[in-house]
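Here are the chains, one letter per residue:
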Amino acid sequence: MFGPRFARHLASRYRKRGLDRAATRIVEFVAGHGLEGATILEVGGGVGAIQIELLRRGARRATNLELVDVYDAGANRLAAAAGVSDRVTRRLVDIAATPDDVEPADVVILHRVVCCYPDYERLLTAAADHARRVLVFSHPPRNLASRAVMTAQNSAFRLMGKTFRTFTHSPGAMLAVAEARGMRREYTHRGRVWQVIGLTRAVAPVA
């Protein structure tokens, strides 16, 4: 589903236009909580555009987790052009499946990721548990229009023989998972295409 052509498209779009609106909101929320010396963990960060912007604003290191390696070439070129290659680590890890393989970070980000993962509870539990200070994620709105679009998309994927599916998880249920792991919501943006939820650490997660 996410092949080299898609990866090249994302890299080219970032070079020409910068971050999209939802990603910009994520960066602004994170930056508002202090970036100097912070470590960033992004799950499914693609070509690393958000990481580059956060590193430029003072973050110390960024780690990107993916399930496929198709983004690496474009991400490495973008990081080199921005002069941050030595501060970015890219890994092939499913944090929901093997959370112990991933080190915690000050900030954990999931942009356009939760809607691609069937078990949102497991994914967001792992993400929240790895966030020392800030957790931020985006998701599509859950309404009749979005559910109709995703139903059509999934039907098309099925006809094409693709196993990839998209999901419109309940925003309230996703937020509840993060809050149960000691996070407190501080920011909500209800966009037409992407909604953003920003949370900060309130208490240590319950084991």
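You'll find the structure just up there.
None of the values given here were measured: they were computed from a predicted structure. Residue positions are counted from 1 within each chain, in the order its sequence is given. The predicted origin of the model limits local features to residues at a pLDDT of at least 70 and limits the giving and counting of side-chain atom pairs to 80 or more, whereas totals for whole chains, interfaces and linings rest on all residues. To get the side-chain values, all heavy atoms of the structure are used, and hydrogens and water are removed first.

### Considering a positive patch on the surface
Stated formally: Any residue with relative accessible area above 30% and no salt bridge may belong to a patch, with like charges joined within 9 Å and the nonpolar Val, Leu, Ile, Met, Phe, Trp and Tyr side chains within 5 Å. Areas reported here follow the Shrake-Rupley algorithm with a probe of radius 1.4 Å; residue values treat only the protein chains shown as occluding. Throughout this description, the term salt bridge denotes a Lys or Arg side-chain nitrogen within 4 Å of a carboxyl oxygen of Asp or Glu. Counted as positive: Lys and Arg. Counted as negative: Asp and Glu, with His and the chain ends omitted from the count. In plain terms, the charge of a residue is placed at NZ if it is Lys, CZ if Arg, CG if Asp and CD if Glu. Secondary structure elements are defined from DSSP: runs of H or I of at least 4 residues count as helices, runs of E of at least 2 residues count as strands, and each element is numbered from the N terminus. Relative accessibility under 20% of the residue-type maximum defines a buried residue, over 50% an exposed one, and the middle range a partly exposed one, all with a 1.4 Å probe and only protein chains included.
A grouping of R5, R8, R13, R15, K16, R17 and R77 is seen on the molecular surface, where their side chains present a positively charged patch. Residue contributions to the positive patch peak at six residues, all from helix α1 (residues 4-17). As for its position among the elements, R5 is in helix α1. Classification of R5 by relative accessible area gives exposed; the value is 70%.

### Focus: unusual backbone geometry
Non-glycine residue R112 carries a positive phi angle of around 60°. Secondary-structure assignment places R112 in the loop between β4 (105-110) and α5 (120-129). We classify R112 as partly exposed; its relative accessible area is 34%.

### What about the packing of α5 against helix α7 (residues 171-180)?
The description of two helices packed together rests on the angle between their axes and the distance between the axes. Rules: Note on geometry: axes are C-alpha line fits, over the in-contact stretch for helices, and angles between N-to-C directions span 0 to 180 degrees. For any pair of crossing helices, the crossing counts as left-handed if the nearer helix is rotated counterclockwise from the farther one by less than a right angle, and right-handed if it is rotated clockwise. Only heavy atoms enter the contact rule, under which two residues are in contact if any of them lie within 4.5 Å.
Running from N to C, α5 and α7 point in directions that differ by 35°, and their axes come no closer than 8 Å. Note that α5 runs across α7; the crossing there is right-handed. Contacts between α5 and α7 involve Y120, E121, L124, T125 and A128 from the first element and A173, M174, V177 and A178 from the second.

### A closer look at the pairing of β4
Going by this rule: For two strands to count as paired, DSSP must find a minimum of two bridges between them. With the strands aimed away from the viewer, a crossover counts as right-handed if its path from the first strand over the helix to the second runs clockwise.
Of all six residues that make up β4, six are buried, and the element is covered over most of its length. Where strand β1 (residues 39-43) and β4 come together, three bridges link them in parallel fashion. When the sheet's bridge partners are listed, I40 is paired in β4 with V107. One ladder, built from five bridges, connects β4 with strand β5 (residues 131-139); its direction is parallel. Each residue of the ladder has a partner; that of V108, found in β5, is L135. Once the chain exits β4 it traverses α5 before rejoining the sheet at β5, and the crossover so formed is right-handed.

### Description of the environment of Y71
By the secondary structure assignment, Y71 is in the loop between β2 (61-66) and α4 (72-82). With 68 residues separating them in the primary sequence, Y71 and G3 have C-alpha atoms 8.2 Å apart.

### A short note on the packing of aromatic side chains
Aromatic ring pairs are reported here in terms of the distance separating the ring centres and the angle at which the planes meet. Put simply, the test is: In this analysis, rings of Phe, Tyr and Trp, with Trp reduced to its six-membered ring, are considered paired at centre separations within 6.5 Å, and the interplanar angle assigns stacked below 30 degrees, edge-to-face beyond 60, and tilted for intermediate values.
Here the structure, examined in full by the defined rule, presents one aromatic pair. Geometrically, the ring pair formed by F29 and Y187 is stacked, given 5.6 Å between the ring centres and 25° between the ring planes. With F29 in helix α2 (residues 21-31) and Y187 in strand β6 (residues 183-190), this pair connects stretches of sequence that are 158 residues apart. Given a relative accessible area of 8%, F29 falls into the buried group.

### Notes on the state of the cysteines
For clarity, the cut-off: Disulfide: a pair of cysteine sulfur atoms within 2.5 Å of each other.
In the structure shown here, the tally under the stated rule is zero disulfides. Here C115 stays free of any disulfide, with the sulfur of C116 as its closest cysteine sulfur at 4.1 Å. Overall, the relative accessible area of 6% leaves C115 in the buried class. For C116, a relative accessible area of 26% gives the class partly exposed.

### Describing the pairing of β1
For β1, a buried count of five out of five residues is recorded, marking the element as mostly surrounded by other parts of the structure. Alignment of β1 against β2, held across five bridges, turns out to be parallel. Bridge pairing in β2 links V43 to L65. Read from β1 through helix α3 (residues 49-56) to β2, the crossover connection turns out right-handed.

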